[in-house]
Amino acid sequence: MRTIVVWFRRDLRLSDHPALAAAVAEGARIVPLFVFSPYLLTHPETGSGRVQFMLGCLESLRNNLRVLGSRLICRWGEQAEVVPDFAREVGATAVYWNADSERAWRTATDCQVVSALQERSIEARCFEVEALLPAGGPESYALKHFTPHWYGALSLPTAPRPTELPAVDERIEDAPLRTLADLGLPPSDQQVLVAGEREAHRLLSAFVATKARHYLKSLSVAVAATESTSRLGPHLKFGTISVRQVYQRVQSRIGQVDSYQKRNLEGFISRLFWRDHFGQKLRNLPRCESESYLQAFDEVNWSTRTDHYQAWCNGQTGYPLVDASMRCLNRTGWLPFRLRALCATFHCIDLLLPWQGGALHFMQKLMDADVAIDHWQWQSHAGVSNRGRQWFRVYNPIAGVEKIDPKGEFIRQWVPELEGVSAAHLGAPWRHEVEYLPPIVEHEEARRRALAVLEPIKRRCSQASDAS
Ligand SMILES: Cc1cc2nc3c(=O)[nH]c(=O)nc-3n(C[C@H](O)[C@H](O)[C@H](O)COP(=O)(O)OP(=O)(O)OC[C@H]3O[C@@H](n4cnc5c(N)ncnc54)[C@H](O)[C@@H]3O)c2cc1C
């Protein structure tokens, strides 16, 4: 019987795991492996709160494997060396894993692993688990190609969950890496989320059964969004559930509900689609992990005001809606879409700070931080990614209160200094003699100043594309 190492990465589950299912189908002796990467653990975008969640997912995976008779082996080190060395140590003839292209580093490391395995005559097999196309030219993320592929791929049957697994040799050592301290990371002061496969399915069930009913309407309202979105982001990030599982469950529900609920569930599916479309774009354009899609914007004289950046990060801008959002993000690791967008435009337009700094802070704090979604969303809200769109969408942090937090509950929860202040005064407390931090910029003036810098560049980018 041959031995296959199944290398877990951002797919910390047992069901719909194509690499594991293929190894099981071969009747192989399976050794499940997870490798902590020093590159990722020390990456500036890594946050202890999210690693804590990942450790919870690993603990759950470890328990689930144990129930089936297997054992998760954890190791630490450069994956390009650890994985091939481990395969040799356990006498494996193959290493199987699921594809992931979240970072250019990931793609480069996988290539190195493949070469090192081939040198040792060990088979390397990568399974496509996301509904993405191989990296290619712009045509693979063009919607006319990507859309039919995405719907087709997600409609394929899910990979079966194993019912039992072969035991792993007791002599194979599992490194004792269970806590942030074991990994050399500082403690997190963020709220801890329940992790693991079972929790992901519980969230999906709750969403499909009740929460989704007013999904679309609630997206723009802070308190309602907190109660009505799926909260599956961190689970999709670490793969305790696959997009295919979510998609198929929602599709089957669509057949049973009234037209109002159907519209809401379809709206949710369109968000899953955007998620993967961002993933496809980053797979094709890995430079956009750090550079603007429209490179001319990287030459802009962006602000270097570190005091503004710190005030934004800490929720001390004087604009209560921005401040409440940033404090909520810092503490919980989550923010509804509309508030992420508002904070992003405040950062890039009102403060004229480069999108990369804002994206960095979001990545450090978000439990669902995903390079592809986060960096494309940031670029989109900074206006540096869309050649065809001439205008910049700028959220108004004062008027926005009326729509996003009409009763002021969200602001008062996160900015206790404003407790007792009426909702009508929460947009711009300084205009109502309410004692609060003074605004660090004047919104209208800052918006005009930023657009005077950014709009001519956008026009030049559009003209260049028209001419080409
Ligand atoms: C500046 C900015 C940064 C963002 N960064 C991230 C990020 O790092 N990770 C992340 O998952 N989402 C990000 N989003 C998108 C969105 O805000 C979150 O996905 C959503 O709020 C997460 O809550 P949920 O899991 O309850 O999502 P739901 O609304 O229940 O949606 C389910 C899933 O669909 C995907 N999704 C939902 N909305 C979007 C969207 N607008 N674009 C792309 N995918 C979407 C996510 O995977 C999400 O978990 C960002 C949005 C903005 C404006």
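Note that the structure is predicted; figures quoted are calculated from it, not measured. Throughout, a residue's number is its position along its own chain's written sequence, starting from 1. Local features in this predicted model are restricted to residues of pLDDT 70 or higher, and side-chain atom pairs are both shown and tallied only at a pLDDT of 80 or more, whereas totals for entire chains, interfaces and linings draw on every residue. By convention in this description, side-chain values take in all heavy atoms of the structure and omit both hydrogens and water.

### Here we look at the overall build of the protein
Each helix corresponds to a stretch of at least 4 residues labelled H or I by DSSP, and each strand to a stretch of at least 2 residues labelled E; elements are numbered beginning at the N terminus. Each helix and strand in the protein was counted, giving 20 helices and 5 strands. In terms of overall size, the protein behaves like a compact globule, its C-alpha atoms giving a radius of gyration of 23 Å where 468 residues would be expected to give roughly 23 Å. Across the 468 residues of the protein, 57% fall into the buried class. Each accessible area value is a Shrake-Rupley result obtained with a 1.4 Å probe; residue values ignore everything except the protein chains displayed when judging cover. For the protein, the exposed surface amounts to about 20,000 Å²; the carbon and sulfur share of it is 54%. Counted as positive: Lys and Arg. Counted as negative: Asp and Glu. His and the chain ends are not counted at all. A charged residue contributes its charge at one atom only: NZ of Lys, CZ of Arg, CG of Asp or CD of Glu. Averaged over its 55 positive side-chain charges, the protein has a centre that lies 5 Å from the centre of its 52 negative ones. Values of the radius of gyration come from C-alpha atoms, whereas the globule rule sets the reference at 2.2 Å times the count of residues to the power 0.38. Burial classification: accessible surface area is computed with a 1.4 Å probe over protein chains only, and a residue below 20% of its type maximum counts as buried, one above 50% as exposed, and the rest as partly exposed.

### A few points about the environment of V415
Positionally, V415 belongs in the loop between α19 (409-414) and α20 (443-467). What makes V415 buried here is its relative accessible area of 0%. Through-space distance from the C-alpha of V415 to that of S325 is 9.4 Å; in sequence the pair is 90 residues apart. Beyond its immediate chain neighbours, meaning those up to four positions away, V415 contacts P320, D323, A324, R327 and Y436. Contacts were defined at the residue level, with two residues in contact if any of their heavy atoms lie within 4.5 Å.

### Brief notes about the side chain of Q79
Relative to the assigned elements, Q79 resides in helix α4 (residues 79-89). According to the relative accessible area criterion, Q79 is buried, its value standing at 4%. Two N or O atoms count as a polar contact when they lie within 3.5 Å, although within protein this holds only if one can serve as hydrogen donor and the other as acceptor, and sequence-adjacent residues are included solely when both atoms are side-chain atoms. From its side chain, Q79 meets the backbone oxygen of V35 in a polar contact 3.0 Å long. Discounting chain neighbours no more than four positions away, the residues touching Q79 are W7, V35, S37, P84, W105, R106, T109 and V113.

### Side note on the site of the ligand
Any residue with a heavy atom lying within 4 Å of a molecule or strand is counted as near it. Among the 28 residues in the neighbourhood of the ligand, the closest are listed as Y215, T229, S230, R231 and D368. Contact distances for the ligand include 2.6 Å between an oxygen atom and a side-chain N or O atom of S230. Within the backbone of D370, a nitrogen or oxygen atom sits 3.0 Å from an oxygen atom of the ligand. Of the two site types, the cavity is a set of points on a 1 Å grid over the protein atoms alone where a 1.4 Å probe fits but cannot get out, and the pocket is an open set with protein on both sides within 12 Å along at least five of seven lines, each lined by residues with an atom within 4 Å of a point. Placement in a cavity or pocket follows one criterion, namely that more than half of the molecule's atoms lie within 2 Å of its grid points. Judged by the proximity of its atoms to the pocket grid, the ligand belongs to the largest pocket. Listed by contribution, the elements that provide at least two residues to the shell around the ligand are α10 (233-238), α12 (259-284), α15 (337-350) and α17 (371-382). For the shell around the ligand, the element with the highest residue contribution is α12, accounting for 6 residues. Three residue categories are used. Nonpolar comprises Ala, Val, Leu, Ile, Met, Phe, Trp, Tyr, Cys and Pro, charged comprises Asp, Glu, Lys and Arg, and polar comprises the others, including Gly. The class makeup of the residues in the shell around the ligand is 16 nonpolar, 5 polar and 7 charged. The split of the chain into domains comes from an automatic or database domain assignment. Counting residues domain by domain, the shell around the ligand receives three or more from each of domain 2 (197-284) and domain 3 (295-463).

### Regarding α17
Multiplying 1.5 Å by the residue count of a helix minus one yields the expected span of that helix. In this model α17 runs 16 Å from its N-terminal to its C-terminal C-alpha over 12 residues, within 8% of the 16 Å that 1.5 Å per residue would give. Among the 12 residues in α17, 10 count as buried, and that is most of the element. All buried positions along α17 are accounted for by V371, A372, D374, H375, W376, Q377, W378, Q379, H381 and A382. Of the surrounding elements, those touching the buried residues of α17 are α12, α13 (306-314), α15 and α16 (355-365). One side-chain oxygen of the residue at the start of α17 lies 3.0 Å from the amide nitrogen of A372, identifying that residue as D370. Looking at the residues trailing α17, positive phi occurs at G383, about 80°.

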